[in-house]
Amino acid sequence: MHTPVSNPSALQTVGSVLVVGGGVAGVQAALDLTELGYKVHLIEKSGAIGGVMARLDKTFPTNDCSLCILAPKLVEAGRDPNIEILTLSELVDLTGEPGSFTATVRKQPRYIDEEICTGCGQCTLYCLKQIGNDFNENLEHSQAAHIDYAQAVPTSYYIDAKACLRLNHDTCGLCASVCQAKAIRFDDTEKVIDIPVGAVVLAPGFGRVSDEVMARYGLGQFEDVVTAFEHERLMCASGPTGGEIVRISDRKHPKKIAFLQCIGSRDENCGNNYCSSVCCMYAIKQATLAREHDPECEITLFYMDVRTHGKGFDAARERAVREGNFRVIYARPPKVEDVFGGGLLLTWATEDGKHHSEKFDLVVLSQGLEAPDGAEDLARSAGIDLNPYLFAQTSIYTPLATSRPGVYVIGAFQGPKDIPDSVTQAGGAAALCAGQLAPARGTNTIKASFPEERDIAGEEVRIGVFVCHCGINIGGVVKVPSVAEYAKTLPHVVYATDNLYSCSQDTQRLLVETIHKHRLNRLVVAACTPRTHEPLFQTTLREAGLNRSLFEMANIRDQCSWVHMHEPEAATEKAKDAVRMAVAKAAHLTALAEQQLPVTPSALVVGGGLAGMTAAMTIAEQGFEVTLVEREKELGGRVKLLTADRFGRDPRKAVAELIAKVKAHPKITVHTKGTVAAVSGYVGNFTTTLDTGNGSVVVNHGVAAIATGGRPYEPKQYHYGESPKIVTQLELEKKLAATSQPLAKNTKQVVMIQCVGSRGEDLSYCSRVCCGQALKNSLRLKKLRPELGITVLYRDMRAYGFLEDDYRAAREAGVIFTRYQVEQKPEVIPGKGGAVAVRYHDPLLAETVEVDADLLVLSVGIVPEDPTALARMLKVPVTAEKFFLEAHVKLQPVDLPVDGTYVCGLAHSPRSMDETIAQAQAAAGRACHPLARGSITPAPIVSKVDPELCIGCGACESFCPYKAIEIYKEAKSRKARTLTASCKGCGICAARCPTMAIDMGRFTLDGIMAQIKAFGQGVS
Amino acid sequence: MSQIYSPKILGFLCNWCCYTAADSAGVGRYQYPPNLRVIRMMCTGRLDPSFPLEGLANGADGIFVGGCHPGECHYIDGNYHALVSASLVHEMLSKIGIERERFLIEWASAAEGPNFVKIITAFTKKISALGPLGQAEGKDGEELRLQLAAAAESARGRKIRTGLINASKEMMKGGDFSRTAIAGLVHDKCDKALTELMGEFAP
C-alpha cells in the first residue's frame, strides 16, 4: 500500500518536521518543536519510544531514577495532539527541498490495533511463543505478543512477526480469542507513507560494539562476564531479577566485581579509535549502585584514563570512589580467563611495568557506543554524508547541520555523547528547524483540548491517594503498600492504592479512570517531588475534567526514601505522616480560575561572545526581536583568542562572519560596553535596565538568555611570568598564528603541563577543553617542525569522542605523554637568562627525570565570569564553582530554574566551540517557547482579599514586591484588591495583613493549619 | 517503653531554595535524621507568625523555617519579612519561657543540598538534647502547648500584627536586614502589646 502525497506546492514551506528516532533526543526535539509551533512526525524503529534511556536504571551523576525523569516526557509526547508517533517505522527516502521535503516512511505492522488496545496484557498471558526479552537484554523471556516495558508509549502491545505462531504457521491465534477489545489484526500489513515535511531531525541514537569484539573479553564464553547494559538491567527494579545484582551462573550475589573500561572504544583493532565519552561515567554510576546493593562487595574499576569531564562529574566521581571505597586501577586487562575452581581471572600490567593477576566473581564490560545499526542505509535514505566511523558528518561551526540542508542531526548519531548533551542538541535542532520554517509556524498544529471542568463546589470532599513505589526508589525503603493502606483510613479518602511507577502513561490512564469511577474531586500522589512531576499529574487532572489546583503531592522519595535509606521503619512512618498532611491540605483545596498573560515577543541576550551571538542569531532567525548586550567594546568574546580549530581552520574567520551577520540582522539590537543594571518582572514580561556606553537603556523582553562566558585562568604556579619561555596554551596559539617565525630558531624541546589551575588546584573542576587544545597545539607544532621534542605531562588525557583521533595522531607523530600524580606534580626550575627546566616523575622508568624546556606550555583552565550580581538580579542559583545552575542537569540542561531564563556557553560550564554553538542554539530554542506561545498561564496561586475583613490599612500594598495589590475606594471605605496578573503568590501580604483578610491560592490559611494539625496527630 | 527519644520537627520550606535543596539532598543520597516533616510554601514570606507557634502547640518539639539566602529571595525580600515573623516567634517563646533554640530560621540555596543536610542534622541533634517540649524548660509540656495555642491566637490578632507591620515598614525603610536589627525593631514595636497580651496567659 502506498499512500499518495497531498502534493504541496514546491514553494510552500511546510510547518511539519520529521524526527527520526524516539530516544530521549528525538522525543525532546519533538516536544520542543510542538512548543515552537510545528507539527511533528516522530518515527521510531522499535515498538515504543524511550530509547536507551528507558532501559537505564539510574543516571550519572545524581543517580536519579532514569525512567522517572524520562516517563513524564514520554507521556507528554504520547498525549501531544501535534506529535504523531509512528512505531516500527523507518525512513526509506527523502526527496524535495528544504522547507518542502517528502519523507517516505515504511511502517511495519504491529498486528494489534494501537487505537483499540487497552494495554491489559491478556495477549501476552496467553501467547504460546516465547522470545527473548530484548528490553531486558535477553536475560529473561517475553512472548511474541508483548509490550517492550510497562511504561511504554504508546501503551499498546504488538506482535513479533518473526516469532508469532499464527503469522508463520497459521496455528494458535489464542491472543485474538482472549482480547476483550478485539484489537488483534493478523491481516495487518506493511505501509509505505509519504509525509510532507519542511525539515528532518535525525536522532537514531547509537549502536553497540559487536559481540565479536566483546568475545575477546569472554562474553558468551563465561556466563559471569556481562555487558554494562546487562548489568544496568540487573540493577533495575523492573529488570529480570527484580533489582538483584546476581551472577548469571549461580544466581548468587557477586562479592568481587570488576568493571573493564574502553571495551570496543579507543581500540584500533576493532576500528573504533574514538572514545565513547559516556562509559567512564556509567561505570562509576553502576559501581555506586552495586555498592548500594551490597555494602560488603569489593569493587574494582580498570581505567586507561578517567574521563569525567562534564559539569560536576569529577566531584561526583571523587565522592563515589571515596564513599563507595572503590579500587581504581590504571590498566587495561587484555582478556578474561576462566580458572580452575571458579572465578574469572584478570591479568594486567600497571604503568610501572609490574604485572598483576586476580580472580573476580563478576566482570562488567563497559561496552562502547558505535554508529547506529543501519547508519549507512539511513544516510542513503536521508541523503547525508557520514564520517569514517559512520556517524553523521558535521562541522565545528554548524554542529547540528548534516551535509544536506534542512536535515539536522542530534544525539549520539552526531558523535558519542551523554543524555544532557543529547537533550541540548535536541533543543538546538528544534530552534534551527523553527528558524528555517518560520513562515509556516503554527500552520499545521492544533490546540490541545481538555474536557470541560466539573464544578465540584457542591460536592462532598472525595480524595483519591496514589502511593508510588518508583521501582525500588521508594519501595525499596518505604513499605509502600502499608502507606496506601494507611491512607485509606484518613478522613475524606475514598480510594487509595499503590503503583510501581505513578508517572507512566498507563498509570495516567488509570488515574483518569479512577477519578471517574470513584467520582474523586481531590487527588493526592505520594511519590517524588512536585517540583518536577506536579505538571504531569495536573494535566491528567484536567483530562479527567478536574481543575488542576485540586492536586497535592506528598514527597516520599527525594525527601524521604532517598535520605533515610538505612531506616526503613522511620522512613515509612515519615511517609505516612507526609500522606496524612497532604490529605489534610487536599481537603481544603478549591478549584481556582486560570489567567492568561500576554508575552512581550522579544529576548534579551547577555554576553556577545560565541554563545551569546549564536543565541541571538538563532532567536532572531525565528522572527523575534533580540537585544544583545556585550560588556566589551567589541563583540566576539574569548573565542577570538583561538587561532586554529582541530582541522586547521581559523575560528576567527568564522567569528568575524558571525559578528557581521549579527550586526546586520534587522531584528538584533546590539549594545556594546553595556552591562545589566537592574532586572524586574517575570517570564513573558521582564523589564531590564542596561548601563551602556550611551547611557541607560530600558528593555522590555519576554525571556533572557545568559551567555556571560568565561576567561582563561591566570596561573601563579610553575613560575609563570618569570620567563618568556613559559607561556599558556592561548599564548602559544597566538605565536603559532604569527606569519613569520612562530617558534624561536633554537627551540628543540617543548613541555606541556595539563590541569594548570584545574581539577583541584584553584578550580575544583575539570576545564574540559585543555586536553584537546594541548593535542591540537602539539600537532600544530609537529607540523611546523617535525623534529621538535614534545612531552605532555598529564593526569588523564581527556580526549573524548573523536578527539581521540588527535591523541593517536600526536602519539604517532612522536609526542610523548607522561602521566603525573596529583601528589607528585611536575616541578619547574627557572635557570639563568630565562632558561627553564622541568623535573617530573617518569612512571615507566620509575625515576625522576629533568628536561630543559625551550618552551613550557601551561594548559590553563577556564574561569567563569563572576555571575553573582546577575544571578541575584535574576534570582537564579549558581554552583559553588560560580557557574549558573541549570533547572535539571539531565533533562533541562539550558533552562535556569526561573521561568523564562536560560544559560549557554562558558557561563554554564567549560565547553568546546562546537558544544558551545549547539548549546547556544538550544538556549535560543527553549527561549522561544514562551515567545512562540504568545501567552503564559501562571499557576493560579494568587492572593485574594476578603473585603468584609479588609480595613484598608494598605500594609499589603506597601509590602508587595510586585505592586500586585492596590487600595481602592468603595462607598467611602478603603479596600485592598489583588491585581492577579501581577501577583506571583509569595504570600507576604497574607502574613502581614492585620485582620487576616488575605489568603493565598492553594497555600491557604486553612490548608496550612490543616497540615499543622495533621502533623500533630502522629501515626497511631 | 525504653524507646530512645525521637524529636518531632516541623519544617516550613520555601519552594525555590530550601525545598529544592532538600530535593537535591535526596538526589545526592545525603542521609539525615528522619525527624523532619515538611510543609512547602512558595516563599518564607508566607510564614504567618502563628504557624510556628501552632506547630509547637500541636506537638512539635522544634520548628524549622528554611528559605533563600539574604538577597537571593525569589520574591525579592520575602525572607526578610520571614525574619520579622521569626523575631516575633522568638519574643513569644521567651515570654512563655520556652528555649528559643526550638525555633530555627536558616537558609540553603537550591544548589546547597549538603548544607541543608548539615542544618537539619545539627538542628535535630539540638532538639534531641533539649528533649520533648517542657523538658529543657523544666515545665509541663501540655501546659506550654496550651500557652502556645493562646500565643498563636494573639499572633493572629490585630494588635500584634500592627506592631509587625510597623517593624516591617521600618526594616524596609532602614535597609538593615541583619537579624539583630530586625529583632530590635520587632521588640520595639511589639513588646508593649506582647507584655499586655502574654500577661493574660502567663503561668
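These figures come from a predicted structure and were not determined experimentally.

## Here we look at the interface of chain A and chain B
Across the boundary between the two partners, chain A contributes 64 residues, which contact 63 residues of chain B. Summing both partners gives a buried area of about 5,400 Å² for chain A against chain B, and 60% of it is carried by carbon and sulfur. Per-residue buried area on chain A facing chain B is highest for Gln559, Arg992 and Phe1015 of chain A; these three make up 14% of the total on that side. Viewed at the interface, chain B and chain A are joined by 5 salt bridges. The tally of links between chain A and chain B comes to 27 residue pairs in polar contact (both at pLDDT 80 or more). Those elements giving two or more residues to the side of chain A that touches chain B turn out to be helix 14 (530-543), helix 15 (557-561), helix 16 (568-586), helix 24 (955-959), helix 25 (988-992), strand 53 (998-1000) and helix 26 (1005-1017) of chain A. Counting residues per element, the side of chain A that touches chain B draws most heavily on helix 26 of chain A, which supplies 8 residues.

## Thoughts on the packing of aromatic side chains
Residues and elements named next belong to chain A. Tallying each qualifying case throughout the model produces 22 aromatic pairs over all chains. Relative to Phe802, the ring of Tyr274 has its centre 5.8 Å away and its plane inclined at 75°; by these criteria the two rings are edge-to-face. Of this pair, Tyr274 sits in the loop between strand 17 (256-263) and helix 8 (279-293) while Phe802 sits in the loop between strand 41 (789-794) and helix 21 (803-812); the two residues are 528 residues apart in sequence, bridging distant segments of the chain. Its relative accessible area of 1% is what places Tyr274 among the buried residues. Ring centres 6.4 Å apart and planes at 75° place the aromatic pair Tyr794 and Phe817 in the edge-to-face group.

## Notes on the sheet that holds strand 44 (residues 836-842) of chain A
What links the strands of a sheet is backbone hydrogen bonding, and the strands pair in either a parallel or an antiparallel sense. All names here are of chain A. Pairing within the open sheet is antiparallel, and its 3 strands lie in the order 43-44-45. Two strands lie at the open edges of the sheet, namely strand 43 (827-830) and strand 45 (847-853), each paired on one side alone. Averaged over all adjacent pairs, the angle separating strand axes in this sheet is 25°, with direction ignored. Judged from the 4 bridges that link them, strand 43 and strand 44 form a sheet pairing that is antiparallel. Across the sheet, Ile829 pairs through a bridge with Ala837, a residue of strand 44.

## A closer look at the pairing of strand 14 (residues 199-202) of chain A
Residues and elements named next belong to chain A. On strand 14, burial covers both faces: Ala199 and Val201 on one face and Val200 and Leu202 on the other are all buried. Two strands pair when backbone bridges link them, and strand 2 (residues 16-20) and strand 14 are joined in this way by 4 bridges, in the parallel orientation. By the bridge assignment for strand 14, Val20 is matched with Leu202. Sheet topology note: the strand 14/strand 25 (residues 407-409) ladder contains 3 bridges and is parallel. Across the sheet, the residue bridging to Leu202 is Val409, located in strand 25.

## Focus on the state of the cysteines
Covalent bonding between the sulfur atoms of two cysteines is what defines a disulfide. Using the criterion set out here, one finds 2 disulfides over all chains in the structure. The disulfide partner of Cys65 of chain A is Cys68 of chain A, and the gap between their sulfur atoms is 2.2 Å. On the sign convention where negative means left-handed, the S-S torsion of about 70° between Cys65 of chain A and Cys68 of chain A marks this disulfide as right-handed. We note that Cys65 of chain A, like Cys68 of chain A, is buried. Here Cys17 of chain B connects covalently by a disulfide to Cys68 of chain B, the sulfurs 2.3 Å from one another. Measuring handedness by torsion sign, the sulfur bridge of Cys17 of chain B and Cys68 of chain B sits at about 95° and is right-handed. A residue pair is termed long-range when its members are at least 10 positions apart, and Cys17 of chain B in the loop between strand 1 (9-14) and helix 1 (18-27) and Cys68 of chain B in the loop between strand 3 (62-67) and helix 3 (78-96) qualify at 51 residues. By relative accessible area, which is 3% here, Cys68 of chain B ends up buried. Of the cysteine sulfurs around Cys123 of chain A, a residue in no disulfide, the closest is that of Cys117 of chain A, at 6.3 Å.

## Things to note about the packing of helix 2 (residues 50-57) of chain B against helix 5 (residues 141-155) of chain B
Residue and element names in this part refer to chain B. Here helix 2 crosses helix 5 at 160°, and the two axes come no closer than 8 Å. Classified by the angle their axes make, helix 2 and helix 5 are roughly antiparallel. When the axes of helix 2 and helix 5 are compared, the crossing they make is left-handed. Contacts between helix 2 and helix 5 involve Ser50, Leu53, Glu54, Leu56 and Ala57 from the former and Arg145, Leu148, Ala149, Ala151, Ala152 and Ala155 from the latter. Classifying every residue of the contact of helix 2 with helix 5 gives 8 nonpolar, 1 polar and 2 charged.

Conventions and cut-offs
- Residues numbered from 1 in each chain as written.
- Chains lettered and ligands numbered in written order.
- Predicted model: local features only at pLDDT ≥ 70, side-chain atom pairs only at ≥ 80, totals over all residues.
- Heavy atoms only, no water.
- Contact = heavy atoms within 4.5 Å.
- Buried area = accessible area lost by both parts, 1.4 Å probe.
- Salt bridge = Lys/Arg side-chain N within 4 Å of Asp/Glu carboxyl O.
- Polar contact = N/O pair within 3.5 Å; in protein donor to acceptor, adjacent residues only side chain to side chain.
- Helix = DSSP H or I, 4+ residues; strand = E, 2+ residues; numbered from the N terminus.
- Phe/Tyr/Trp six-rings, centres within 6.5 Å; stacked < 30°, edge-to-face > 60°.
- Buried < 20%, exposed > 50% of the residue type's maximum accessible area, 1.4 Å probe, protein only.
- Pairing = 2+ DSSP bridges.
- Axes fitted to C-alpha atoms, helices over the stretch in contact; angles between N-to-C directions.
- Disulfide = S-S within 2.5 Å.
- Parallel < 35°, antiparallel > 145°, perpendicular 65-115°, else oblique.
- Left-handed = near helix turned anticlockwise from the far one by under 90°.
- Nonpolar A, V, L, I, M, F, W, Y, C, P; charged D, E, K, R; others polar.

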